[in-house]
Amino acid sequence: MPSIGIQARFPLGVYHGHTSDGSPDPFPTPVRLFSALFSAACTGSSATPDGQASAEALEALAWLEGHSPEGLLFPATMPVGEDRQTIVSYRYTGAFKNGKEPKKASKAISDGMAVHGAVGWTWSGMSDRVRDTLAVLCEDVPHLGEMDSPVILEVTEMEPNWVWDPDATAFSTGGRQIPVPVEGRMRVLEELHAQERPTEAPSASDDKMNQAEAVRVFPVSTKGVELRRYGPNTTILTHGSSPWRDALVMSVDSAGSSIPSEQRLDWCVAFHKALISRIGNDAPAIVTGHYDLDVPLPANRIAIQYLPASLLNRSQVLLDEGISGVFLVMLPGGMTSDDLGAVFTAFAGMTRLRSRWGALRLRPHDELVSASTFWKPCNPGSLRLWSPTPVAVPEVTRQRGEWTFEDAIMLSLGFVWRDELGPVSKGSAGYRTLVDRVREKGPRVVMYHRVVKHPSAYAHRMPQGMVAQPYIAQIDAGRLFGEQELVAIGQSRHLGGGLLVPIDVPAEFVRGMER
């Protein structure tokens with residue numbers, strides 16, 4: 001259920017801030033938000049003529065001081081600069097010393113963070129009086145962080161993707177320690193505000209230029225600040241939560257029939273090999289899937305899928321007529337700019353593809369397609385189900401005790417969102433925990449049917465001792481992911497299998513099909 005909160009949107013798409021030790025700030029914390037609101041209370045439209053916060057503003061800020069945000073909305077972010085340590089310019093500091101020219105200081109071109117969406121902080125139990133006062137203060141905040149990261153703050157409803165864990169201890173694992181304002185923080189800010197704005201004007205001698213003038217550093221205080229642990233919101237996964245952020249589209253320039261189902265895996269493997277070959281020896285692990293032993297394996301990496309023209313019309317992608325199908329290169333979130341640049345360069349130059357089934361002519365699509373809005377919206381009055389194409393393959397065999405094929409399908413969903421659903425133990429117990437967490441989001445299997453013809457044609461690799469069990473199914477996603485998301489599941493989700501395609505059916509018909 002959405003909560004009341006303050007949402008920050010950065011029109012330039014970049015948040016630029018620094019922590020107290022001068023290092024880049026990865027995201028605006030509740031402490032920074034509180035300081036910005038206090039500044040707006042003393043300098044904005046609601047301030048008193050003598051530059052003080054009004055009684056209503058102090059009341060609202062005191063409420064924030066006593067109530068830590070219960071939820072946070074973190075969008076995907078990435079550094080603007082390729083290397084934060086690279087110094088690219090030297091600038092005058094404006095400081096004089098004994099008549100000599102101002103000193104120069106090194107400065108990186110940008111150590112800001114590009115943000116993909118809004119940042120937010122949410123509370124429950126906020127009164128209308130506090131909400132209205134905060135809305136006025138938000139309008140008076142010009143920027144959050146540095147002056148080159150202008151912001152639009154507004155009070156609205158939102159669904160947090162991180163929540164406060166009040167039971168966390170110093171030994172709790174996972175999550176993030178986030179600084180929040182607590183009782184006494186406003187008093188500290190009032191003292192700093194009074195120091196910077198003395199009531200008496202400076203004397204002529206005090207106001208005289210000093211030949212040893214140095215850069216003035218405003219005081220920073222950490223009093224009235226405590227750390228709170230926040231972790232992923234495992235009860236609700238919001239729409240737009242697909243592990244893949246964007247997709248590159250490569251059309252097959254042929255008027256012939258689409259690639260048969262049992263050949264798609266081979267073609268996607270050939271596409272993957274060709275992409276790696278064009279990148280060369282520096283192909284990143286997120287493309288090759290080969291990670292160093294000491295690197296934790298992510299739940300997902302780059303995925304390559306084939307979509308025939310008959311299913312492409314369900315998507316938002318517009319291509320010329322005569323296309324028999326497209327290859328999709330699904331790009332996961334968290335790729336660095338170097339990795340993206342390598343993939344884009346290699347992708348743009350591909351014109352032909354060969355496999356044991358022959359050769360294809362390729363033509364890249366000019367646009368980068370968002371994975372969160374890849375499919376067309378659901379038809380009104382219908383329920384959207386999902387079916388894997390051409391098939392999906394479970395990752396694990398039957399487990400001891402009660403374990404059904406539907407559990408295996410739920411586990412495939414859990415493996416895709418493993419990073420968001422929280423850590424689990426290894427082995428069968430961990431599988432069952434992951435299945436339970438997936439079921440909390442409401443997915444269900446409406447029907448499934450195993451495919452017995454050419455089962456090995458749909459799995460590139462299988463765990464030792466396990467036989468591929470391809471299946472087709474109709475799955476209700478519940479609240480696990482949005483109705484327009486681009487998602488693949490199963491053992492071959494990274495290469496030619498398990499791509500979920502939407503099916504819109506009347507709700508009454510779905511109830512009649514339930515297992």
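Before any of the text, the structure's been laid out above.
Conventions adopted
Residues numbered from 1 in each chain as written. Predicted model: local features only at pLDDT ≥ 70, side-chain atom pairs only at ≥ 80, totals over all residues. Heavy atoms only, no water. Helix = DSSP H or I, 4+ residues; strand = E, 2+ residues; numbered from the N terminus. Buried < 20%, exposed > 50% of the residue type's maximum accessible area, 1.4 Å probe, protein only. Contact = heavy atoms within 4.5 Å. Areas by Shrake-Rupley, 256 points an atom, 1.4 Å probe, with all protein chains shown as cover. Expected span 1.5 Å × (residues − 1). Axes fitted to C-alpha atoms, helices over the stretch in contact; angles between N-to-C directions. Parallel < 35°, antiparallel > 145°, perpendicular 65-115°, else oblique. Nonpolar A, V, L, I, M, F, W, Y, C, P; charged D, E, K, R; others polar. Core = buried A, V, L, I, M, F, W, Y, C linked by side-chain atoms within 4.5 Å. Salt bridge = Lys/Arg side-chain N within 4 Å of Asp/Glu carboxyl O. Pairing = 2+ DSSP bridges. Polar contact = N/O pair within 3.5 Å; in protein donor to acceptor, adjacent residues only side chain to side chain. Phe/Tyr/Trp six-rings, centres within 6.5 Å; stacked < 30°, edge-to-face > 60°.

A. Representation of the overall build of the protein in the model. For the protein, the count of helices and strands is twelve helices and 22 strands. The proportion of buried residues among the 515 residues of the protein is 44%. Sequence-distant contacts, at least 24 apart, represent 81% of the contacts inside the protein between residues at least 6 apart. On the protein, roughly 26600 Å² of surface is accessible, and the fraction owed to carbon and sulfur atoms is 51%.

B. Structural view of helix H9 (residues 405-416). Between its first and last C-alpha, H9 extends 17 Å over twelve residues, near the 16 Å set by a 1.5 Å rise per residue. Among the twelve residues of H9, eleven are classified as buried, and the element is accordingly described as predominantly covered. Looking at H9, one finds that the buried residues are Phe405, Asp407, Ala408, Ile409, Met410, Leu411, Ser412, Leu413, Gly414, Phe415 and Val416. The inward-facing, buried residues of H9 abut strand S13 (244-252), helix H10 (418-421), helix H11 (427-439), strand S20 (444-450) and strand S21 (471-476).

C. Structural context of the packing of helix H1 (residues 30-43) against helix H3 (residues 128-139). For the pair H1 and H3, the least separation of the axes is 8 Å and the interaxial angle reads 85°. On the basis of their axis angle, the class for H1 and H3 is roughly perpendicular. Residues Leu37, Ala40 and Ala41 of H1 form the contact with H3, whose own contacting residues are Leu134, Leu137 and Cys138. When the residues that make up the contact of H1 with H3 are grouped by side-chain class, the tally is six nonpolar, no polar and no charged.

D. Quick peek at the nonpolar core. Of all hydrophobic cores here, the largest spans 46 residues; its most connected members are Leu307, Leu328, Leu486 and Ile489. Listed by contribution, the elements that provide at least two residues to this core are S13, strand S14 (303-308), strand S15 (325-332), H9, H11, S21 and strand S22 (499-506). Sort the elements by how many residues they give to this core and H9 lands first, with eight residues. Not counting the four nearest positions on each side in its chain, Ile489 is found in contact with Ala392, Ser412, Leu413, Val416, Tyr471, Ile475, Gly497, Gly498 and Leu500. The next biggest cluster of nonpolar side chains, apart from the first, holds 43 residues, and it includes Leu33, Val119, Ile178 and Val180.

E. The arrangement of the pattern of salt bridges in detail. Tallied over the entire structure, the rule returns 13 salt bridges. Here Glu59 and Arg129 are joined by a salt bridge, their closest N and O atoms 2.8 Å apart. On the criterion of sequence distance, the pair formed by Glu59 in helix H2 (residues 55-66) and Arg129 in helix H3 is long-range, its members being 70 residues apart. Judged by its relative accessible area of 36%, Glu59 is partly exposed.

F. Up close: H2. A rise of 1.5 Å per residue sets the reference length of H2, with its twelve residues, at 16 Å; its end C-alpha atoms lie 17 Å apart and thus fit the reference within 8%. Every buried residue belonging to H2 is among Ala57, Ala60, Leu61, Trp63, Leu64 and Glu65, and all of these are buried. On its buried face, H2 sits against H1, strand S8 (119-123), H3, strand S11 (176-181) and helix H4 (185-196).

G. Structural context of the pairing of strand S16 (residues 352-355). Of the strand pairs in this sheet, S16 and strand S17 (residues 358-364) are connected by four bridges, and their pairing is antiparallel. Paired with Arg354 across the two strands is Ala359, which belongs to S17.

H. Structural context of the environment of Gly224. Tracing the chain through its elements places Gly224 in the loop between H4 and strand S12 (225-232). Sequence-wise, Gly224 and Pro179 are 45 residues apart; in three dimensions their C-alpha atoms are separated by 9.9 Å. Beyond its immediate chain neighbours, meaning those up to four positions away, Gly224 contacts Val180, Pro181, Val182, Gly184 and Arg185.

I. Molecular detail of the side chain of Ser149. Along the chain, Ser149 falls in the loop between H3 and strand S9 (152-158). With relative accessibility at 0%, the residue Ser149 sits in the buried group. Of the polar contacts made by the side chain of Ser149, one reaches the backbone oxygen of Glu146; its length is 3.0 Å.

J. Examining the packing of aromatic side chains more closely. This structure, assessed with the given rule, holds eleven aromatic pairs. Between Tyr306 and Phe327, the aromatic rings sit 5.4 Å apart at their centres with planes inclined by 65°, giving edge-to-face as the arrangement. Separated by 21 residues along the polypeptide, Tyr306 in strand S14 and Phe327 in strand S15 bring together distant segments of the chain. What makes Tyr306 buried here is its relative accessible area of 2%. For Phe327, a relative accessible area of 0% corresponds to the buried category.

K. A look at unusual backbone geometry. Each neighbour pair has its own omega, and for Thr389 with Pro390 the value is -10°, a cis peptide bond. Even without being a glycine, His454 presents a positive backbone phi close to 55°. Here His454 shows up in the loop between S20 and S21.

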